[in-house]
Amino acid sequence: MAASLFIVFLASAISPLLVYFLRTRASYFLALVPLSIFVLYLHYLQRLHDGSPLLETIHWIQSFGVHLQFRLDGLALLFLLLIAGIGTLIVLYAGSYLAGHPHLGRFYAILFLFMGAMLGLVASENLIALFVFWELTSLSSYLLVGFDYRKKEARAAALQALLVTFTGGQALLVAFLILASLTDSFSFTQILEKKIQIQQNPSYIILVLLVLTGAFTKSAQTPFHFWLPGAMAAPTPVSAYLHSATMVTAGVFLLARLTPLLGGTHLWAWSLTSFGLLTMLTGSILAIGQTDLKRLLAYTTVAALGTMTMLLGLGTPLAAKAAIAFLLVHSLYKGALFMVAGAVDHETHTRDVRDLGGLIRHMPITAIASGLAALAMCGVPPVLGFISKELIYEAKLEFGQIGWFFAILGVIANALVVAVALIVGIRPFLGFPLHTPKHPHEAPFPLWFGPLILALLGLLFGIVPPLVEQTIIKPAVVAVVGDTIKVKLSLWHGFTPMLVLSFVTLLLGFCFFRMREKFRLARETLTPLRYYGPESLYSCIINHWLPSIASLQTRILQHGYLRYYVLSIIAAAALAVAAGLSRISLPGTWFTWRSFEWWEVLLCAAIFLAGFAAILTSGRITSVVLLGIIGYTISLIFALYGAPDLALTQFLVETLTLILLVLVLYRLPKAKSLSSKASRLRDALLSLAFGFAITLLVLKSLYIPHDTKLPDFFVQNSPIAQGRNVVNVILVDFRALDTLGEITVLGISAVGVWAVLSFIRKKSSSASASQKNSSPASFEQ
Amino acid sequence: MNLLLVLPIFLPLVSAAILLLIPSAKLQRWIHIAACLAHFAASALLLCEVLRKGITASQLGNWPAPFGITFVADTFSAMMVLITGLMGFLVAIYSLDDVSSEHQKRGFYSLYQVLLMGVSGAFLTGDLFNLFVWFEVMLMSSFVLLALGCSRHQLSGGVKYLVLNFLSSSLFLTALGLIYSVTGTLNMADAANILKSSPLGISSMSAAMLLMVSFGIKAGLFPLFAWLPASYHTPPVSVSAIFAALLTKVGVYALVRVFTLIFTIQVDFTHDILIGISLITMLTGVLGAAAQYETRKILSFHIISQIGYMTLGLGFFTEAALAATVFYIIHHIVVKTNLFLIAGAISKLKGTAELKKIGGLYAESPWLALLFLIPAMSLGGIPPLSGFFAKFALVKEGVSLHAWLSVFVALAVGILTLYSMTKIWAEAFWKASPNENGDFGLGDAPDPTPTSSTTPSLPSLPASFWAAITAMAAVTLAISSWPQWLFDLSERAAAELSTPSHYIQAVLHSKQ
């Protein structure tokens, strides 16, 4: 498994080169890659007959038990074959479809990236490995949907598909992490062993909801279905491959994979069936009114995915069998029809069904492929589609009354799908030829080869069901239901209720087909209803809510005013101190008054008065001088309490600051009072709060007995350091590195001042040169 | 005295001095590169040493701890120094063709070296006051780097940067005073030892909170981050790239160091606050980015958001969560620096990084597109890129701690991050340049005519740009494809962080 993944990713890396040298012919070589993988896994099918899955492990991240573990069982092999098989045809098809496109190399690179991710996804035993591949498919889908990147709609559709599936992916990740926290493993086999524990755990409900979110977003279940029709902005090979046959079934795959683990409960059964039915109806009803070939098909894909989900929800072996058979059939016919749509588009340059007719004369082979695929989609005998439809009805009818209800809903949805099949697969080729932007010819070989093969396979499997029933379908069903069941497919079951239902479906479908114009009209009149749909919710969030919340928040937080930034930091600091103090319980005696010396009172009074005056004055110079008084008073305090060197330093710094500030401020105009009373009050309150907090802190630290081991050591050891002034020795020896750092800071500041000044000088000189000396450069003086 | 411990500081210091004295611009460039390479090599040797011998401490001046200044390297700090060295080297290469000759003449190289010195010092010091000094060194050199050029918006951003960071410094100093008055020591290990064993521990809680605010400003936590988006987009790209790589991470490092070593007395109080702040930081950062249309501004806001992830791991305060934090920091530094460099490359090609004015790079410069996708998708958390594993480790721990709100926010922010990255991708790379109009063919049928990829006016990127960007993308890919080695390192770092006794032992009882 790892080898085949490696080959696919290698193909992804070298495909641009190959295309560069070989142009379109590269597609034939590149198609060999998925083809060989297809053959390889055909071979594996036989080895699987004893029923036990083949496991393979490559160690990756020991810390979390995340490894590249692969599990090849029936379910995985069914998907592997579909991915590799259809992949081969798509690679061929794309080479012709995008012939001469400047980005064909990149297209193949991303397509192979997707193929590898998808192969890895379905073969993963380790849930996180599965998740890794799961997200990679989302990413490659993003890049492929946006392949026509110059179109705004393509970019928007790519983003929509990515965001919806990525969001679901996050839910899935949490689900896997919960599973791991319950079972201590990411390995599916080991988790499966603890099934009962998991289902009885209270978090089971959340687990199921998260898994469903992941699977439903990926498989476009209502209400997440909207991204899939949007993704039709991708080139048609991509729509055929990712958005009908493989990637969108990843969600169904996941549900099937986890059914043995999470299934068997009412929650699982009811949520799957109800969402499945809802999706089935939504998809088919929305499909019928469309006129674009690809959108018609896309909505029926939604319906088909809903049908699969619903069948998995029913949970019986028969339903599982129906689901698997339908999945196979759907991939074959839907892949084929998409490729036909692409071929028609390629030959006529239109995809509007109203403009298409009589193409069988020009494109006979395409018409045959299309007709066969459409028959499969309708479920007409003897195509495999008929058998699968019978199976679906049979599975539903097992459930008695409610089963009949399901079956009737199914008949309606299927009839709509039949109508779409006629519109897409039959109608464009019959009738009178209509004028199209380009005169059609038979499409080149790669464009009809793929759909023809897929359509013929559908016919072949229908006539000779044993070809698939024992080899592919049965092992897959076993992997889902957990035990061996009798799988018997046949065209003729006798006169059964299912046969009646099939007949009614076809009849009704033909009626709907005749009424198609009315449906289109109805769609147009009902278009305003989209406003209430999930898609408009999505675009509302992305285009309105998110930007307005973001810009509102930015206006509040990143407004650009330094004073408010300072304000918020001071407020945060005051809050932090208060929070810190609230955790401390000091004894009642922590603060005691003692008598003051007269000069202490005097100094404090000086500081207070100067401080208040500095606040109240409107002159800049006055306030600087008043602040200077505070500084000098503090240095006096230092001097009085035995730190003369500190006092001296403070005195010098104060003086220097004062002089510099006065020099600068002298040039500035007189300050004006601009702030309102309210803002002054706010600032005053905040300052008081902060000052109060700091005061409390200082007082508190006075209460705590001081440890003097550091000063003691310094005093004792400074003679060893050849110095008698302890402060000096601290600066140059004990803590010399601090001094080095501070010197560096000073040096850097000097460099900075020099650099900034020389920049300014250069600017002003160039400015004055450009102004022809009309204004004197004021910086120079 | 272990020379390896001080080399990451002295090498840049000496180079800075030499670079100031040398007049030849050409020689300066070579010395600049050589000095950064030497710094990187020294830091690599240091990490090897730490991995071989465990936590390594050196007493500078041979004064025994806690009386002198101790330098300590545990796995975490050695990793941080190494990533500093690597980023310093790669951004230095990039800067050769990015920074104008005006800058080069006016001390750019020396300032850059001093910045590396300050950052390395902050990671290696075991002394709180010395940490303050390194913060000052960083602050001064980064401010001058920020203001060089003296354009109007540079000065306006620079003033905000300086004032708010000075506030941080003064709060730090206040907290230092408090800690000194409670413990009588400035040595971190000693302080931890004292606070752990005495009833004084609790009374240091307000100092702890002040430090949280002070380091929170440095790290860019909510609501203290305003300096970052105000200034990061203004200087030359090399400068904002090295800022993005290192400055906030020093704040995060200091938070991790202090709140794993010294203040672990009331974890349910301090670390719960950290969790709350982290969550708000993640959200506000990512929402801020959503409102921006200039590449570097978007990236700046994302730094804030991602800082939240890192401190969230600290808030969880389990060994696994700390390992996630360490992993996250390393991954983030590489990815975010690279994104800044790519933003610079975009401006170089298009003349501006304003998303509304540019486009078409997907067709014009496919390699740049690929090189952008690697870090961008990594930041967005797309597996198997490094960002996914970083987020995964954190969220996994969140799930096992049943911290559902944190898990929800972390993942929701991840989605929004991806949204922002796709915004840059769609606007700068996919969208056609606004000046050239032209839809790409009809329907989805291909248009065989080649796109405007041959526009002759498109300037090409210098080799140094490619070298730095490619090297960083390669590092990201290396982490992504084989994350186990980084997890091994991170787990080792986390194990050391969650048992501080080893650290204390190494500092207080080292032989020298």
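Conventions and cut-offs
Residues numbered from 1 in each chain as written. Chains lettered and ligands numbered in written order. Predicted model: local features only at pLDDT ≥ 70, side-chain atom pairs only at ≥ 80, totals over all residues. Heavy atoms only, no water. Helix = DSSP H or I, 4+ residues; strand = E, 2+ residues; numbered from the N terminus. Rg over C-alpha atoms; globule rule 2.2 N^0.38 Å. Contact = heavy atoms within 4.5 Å. Areas by Shrake-Rupley, 256 points an atom, 1.4 Å probe, with all protein chains shown as cover. Lys, Arg positive; Asp, Glu negative; His and termini not counted. Charge placed at Lys NZ, Arg CZ, Asp CG, Glu CD. Buried < 20%, exposed > 50% of the residue type's maximum accessible area, 1.4 Å probe, protein only. Pairing = 2+ DSSP bridges. Salt bridge = Lys/Arg side-chain N within 4 Å of Asp/Glu carboxyl O. Phe/Tyr/Trp six-rings, centres within 6.5 Å; stacked < 30°, edge-to-face > 60°. Lys NZ or Arg CZ within 6 Å of the ring centre and 35° of its normal. Buried area = accessible area lost by both parts, 1.4 Å probe. Axes fitted to C-alpha atoms, helices over the stretch in contact; angles between N-to-C directions. Parallel < 35°, antiparallel > 145°, perpendicular 65-115°, else oblique. Nonpolar A, V, L, I, M, F, W, Y, C, P; charged D, E, K, R; others polar. Polar contact = N/O pair within 3.5 Å; in protein donor to acceptor, adjacent residues only side chain to side chain. pLDDT = per-residue confidence, 0-100. Core = buried A, V, L, I, M, F, W, Y, C linked by side-chain atoms within 4.5 Å. Domains from an automatic or database assignment. Patch = residues over 30% accessible without salt bridge, like charges linked within 9 Å, V, L, I, M, F, W, Y side chains within 5 Å. Expected span 1.5 Å × (residues − 1). Left-handed = near helix turned anticlockwise from the far one by under 90°.

Time to look at the overall build of chain A. Counting its regular elements, chain A contains 31 helices and two strands. The C-alpha atoms of chain A give 38 Å as radius of gyration, which overshoots the globular expectation for 781 residues (28 Å, by more than 25%). Taking the principal axes of its C-alpha atoms as reference, chain A extends roughly 115 × 75 × 55 Å. Excluding contacts between residues fewer than 6 apart, the proportion of contacts in chain A whose partners are at least 24 apart in sequence is 77%. For chain A, the computed accessible surface area is about 34,200 Å², with 70% contributed by carbon and sulfur atoms. Counting 52 positive and 34 negative side-chain charges, chain A places the centres of these two groups 10 Å from one another.

When its secondary structure is counted, chain B shows 21 helices and two strands. Here the C-alpha radius of gyration of chain B, 23 Å, is about what a compact globule of 512 residues would show, namely 24 Å. Its C-alpha atoms give chain B principal-axis dimensions of about 80 × 60 × 40 Å. Out of the 512 residues in chain B, the part that is buried amounts to 71%. Look at the contacts in chain B between residues 6 or more apart in sequence, and 81% of them connect residues 24 or more apart. Working note: accessible area of chain B is about 14,000 Å², and carbon and sulfur atoms make up 67% of it. Counting 25 positive and 23 negative side-chain charges, chain B places the averaged centre of each group 7 Å from the other.

Next up on the list: the pairing of strand 2 (residues 69–73) of chain B. Residues and elements named next belong to chain B. The element strand 2 is largely enclosed, with a buried count of five among its five residues. Alternating positions in strand 2 separate into two faces, Ile69, Phe71 and Ala73 on one and Thr70 and Val72 on the other, with burial throughout. The pairing of strand 1 (residues 56–60) with strand 2 spans five bridges and is antiparallel. The partner of serine 58 across the bridge, within strand 2, is phenylalanine 71.

Residues and elements named next belong to chain A. As enumerated under the stated definition, the model contains 20 salt bridges over all chains in all. Here aspartate 292 ties to arginine 351 by a salt bridge, and the two come within 3.3 Å at their closest N and O atoms. One end of the pair, aspartate 292, is in the loop between helix 13 (266–288) and helix 14 (293–314); the other, arginine 351, is in the loop between helix 15 (317–348) and helix 16 (364–378), and 59 residues separate them in sequence. Given the relative accessible area of 18%, arginine 351 is considered buried. Connected through shared salt-bridge partners, Arg71, Asp73, Glu125 and Arg257 make up one network.

All right, on to the packing of aromatic side chains then. With the rule as written, the count across this model stands at 56 aromatic pairs over all chains. Geometrically, the ring pair formed by A:Phe734 and B:Trp63 is tilted, given 4.6 Å between the ring centres and 55° between the ring planes. Of this pair, A:Phe734 sits in helix 30 (residues 726–734) while B:Trp63 sits in the loop between strand 1 and strand 2, placing the two residues on different chains. Given the relative accessible area of 9%, B:Trp63 is considered buried. Relative to B:Tyr109, the ring of B:Phe108 has its centre 5.6 Å away and its plane inclined at 65°; by these criteria the two rings are edge-to-face. With relative accessibility at 1%, the residue B:Tyr109 sits in the buried group. In this structure an aromatic cluster arises from ring pairing among A:Trp60, A:Phe64, A:Phe131, A:Phe186, B:Phe327, B:Phe388, B:Phe389, B:Phe392 and B:Phe487. Sitting over the face of the ring of B:Tyr362, A:Arg106 holds its NZ or CZ atom 4.5 Å from the ring centroid. Here B:Lys218 stacks its cationic end above the ring of B:Phe135, 5.2 Å away from the centre of that ring.

Residue and element names in this part refer to chain A. With respect to the helices, strands and loops of the structure, valine 411 is situated in helix 18 (residues 400–426). Exposure remark for valine 411: the relative accessible area of 7% places this residue in the buried category. In this structure the C-alpha to C-alpha distance between valine 411 and leucine 501, which are 90 residues apart in sequence, comes to 6.9 Å.

To continue, consider unusual backbone geometry. Trans peptide bonds make up most of the peptide bonds, and negative phi angles are found at most residues other than glycine. In this structure, A:Pro223 follows A:Thr222 across a cis peptide bond, with omega equal to 10°. Mapping A:Pro223 onto the fold places it in the loop between helix 9 (204–218) and helix 10 (227–230). Of note in this structure, B:Phe317 is not a glycine but carries a positive phi near 60°.

With that out of the way, let us pick up the interface of chain A and chain B. Across the boundary between the two partners, chain A contributes 113 residues, which contact 131 residues of chain B. When the two sides are added together, the surface that chain A and chain B hide from each other amounts to roughly 10,400 Å², 74% of it contributed by carbon and sulfur. Linking chain A to chain B there are two salt bridges. Between B:Asp190 and A:Lys709 there is a salt bridge; the shortest N-O distance is 2.5 Å.

Turning our attention to helix 11 (residues 236–245) of chain A. In terms of burial, helix 11 of chain A is largely enclosed, as 10 of its 10 residues are buried. Residues of helix 11 of chain A that are buried include every one of A:Thr236, A:Pro237, A:Val238, A:Ser239, A:Ala240, A:Tyr241, A:Leu242, A:His243, A:Ser244 and A:Ala245, and no others.

Take the packing of helix 2 (residues 26–47) of chain A against helix 4 (residues 104–123) of chain A next. Residues and elements named next belong to chain A. At a closest axis distance of 13 Å, the pairing of helix 2 and helix 4 adopts a crossing angle of 0°. In terms of orientation, helix 2 and helix 4 fall into the roughly parallel class. The segment helix 2 lies against helix 4, with Ser27, Leu30, Val33, Pro34 and Ile37 engaging Tyr108, Phe112, Met115 and Leu119. Across the contact of helix 2 with helix 4, the residue classes break down as eight nonpolar, one polar and no charged.

With that out of the way, let us pick up the side chain of B:Asn338. Residue and element names in this part refer to chain B. Examined against the element boundaries, asparagine 338 turns out to sit in helix 14 (residues 319–350). At a separation of 3.4 Å, a polar atom in the side chain of asparagine 338 contacts the main-chain carbonyl oxygen of isoleucine 469. Not counting chain neighbours up to four residues away, the residues in contact with asparagine 338 comprise Pro375, Ile469, Met472 and Ala473.

A separate point is the confidence of the model for chain B. Residue and element names in this part refer to chain B. On average, residues of chain B score 89 in pLDDT, and 94% of them are at 70 or above. Of the regions scoring below 50 in pLDDT, residues 437–456 engages in 40 contacts with residues more than four places distant in sequence or in other chains. This complex was scored by the predictor with a pTM of 0.93 and an ipTM of 0.91.

Another aspect to go through is the nonpolar core. Proteins that are soluble and globular tend to have nonpolar side chains buried together. A:Phe107, A:Tyr108, A:Trp227, A:Trp268, B:Phe71, B:Trp425 and B:Phe429 are the most contacted members of the largest nonpolar core, which has 451 residues in total. Considering every element that reaches this core, the biggest residue donor is helix 15 of chain A, with 21 residues. Mapped onto the domain boundaries, this core takes at least three residues apiece from domain 1 (263–514) and domain 2 (708–763) of chain A. Other than its neighbours up to four places away in sequence, A:Trp227 contacts A:Gln160, A:Ala161, A:Val164, A:Thr165, A:Thr217, A:Lys218, A:Ala220, A:His243, A:Met247 and A:Val248.

We now examine a nonpolar patch on the surface. Residues A:Phe6, A:Ile7, A:Leu10, A:Ile14, A:Leu17, A:Tyr20 and A:Phe21 make up a contiguous nonpolar surface patch of roughly 770 Å² in combined accessible area. Inspection of the secondary structure assignment puts A:Phe6 in helix 1 (residues 2–22).

This brings us to the confidence of the model for chain A. The predicted model of chain A averages 87 in pLDDT, with 96% of residues at 70 or higher. Every residue in residues 772–781 of chain A scores below 50 in pLDDT, and together they form seven contacts with partners more than four places removed in sequence or on other chains.

Taking 1.5 Å as the rise per residue, helix 17 (residues 384–397) of chain A with 14 residues should run 20 Å; its terminal C-alpha atoms sit 20 Å apart, in good agreement. The buried count for helix 17 of chain A comes to 13 of 14 residues, which makes it a mostly enclosed element.

Bringing the packing of helix 25 (residues 598–616) of chain A against helix 26 (residues 620–640) of chain A into the picture now. Residues and elements named next belong to chain A. Interhelical geometry of helix 25 versus helix 26 gives an angle of 160° and a closest axis separation of 8 Å. The angle between helix 25 and helix 26 falls in the class roughly antiparallel. Note on packing geometry: the crossing formed by helix 25 with helix 26 is left-handed. Along its contact with helix 25, which presents Trp599, Leu603, Ala606, Ile607, Ala610, Gly611, Ala613 and Ala614, the element helix 26 presents Ser623, Leu626, Leu627, Ile629, Ile630, Thr633, Ile634, Leu636, Ile637 and Leu640. When its residues are assigned to classes, the contact of helix 25 with helix 26 shows 15 nonpolar, three polar and no charged.

Moving on, we get to the domain arrangement of chain A. For chain A, the domain assignment lists domain 1 (263–514) and domain 2 (708–763). The distance between the C-alpha centroids of domain 1 of chain A and domain 2 of chain A comes to 82 Å.

Here the focus is the environment of B:Asn187. Residue and element names in this part refer to chain B. Note on placement: asparagine 187 falls in the loop between helix 7 (152–183) and helix 8 (188–197). By relative accessible area, which is 0% here, asparagine 187 ends up buried. A polar contact is formed between the side chain of asparagine 187 and the side chain of threonine 70, at a distance of 3.1 Å. For asparagine 187, the side chain forms a polar contact with the main-chain nitrogen of aspartate 190, separated by 3.1 Å.

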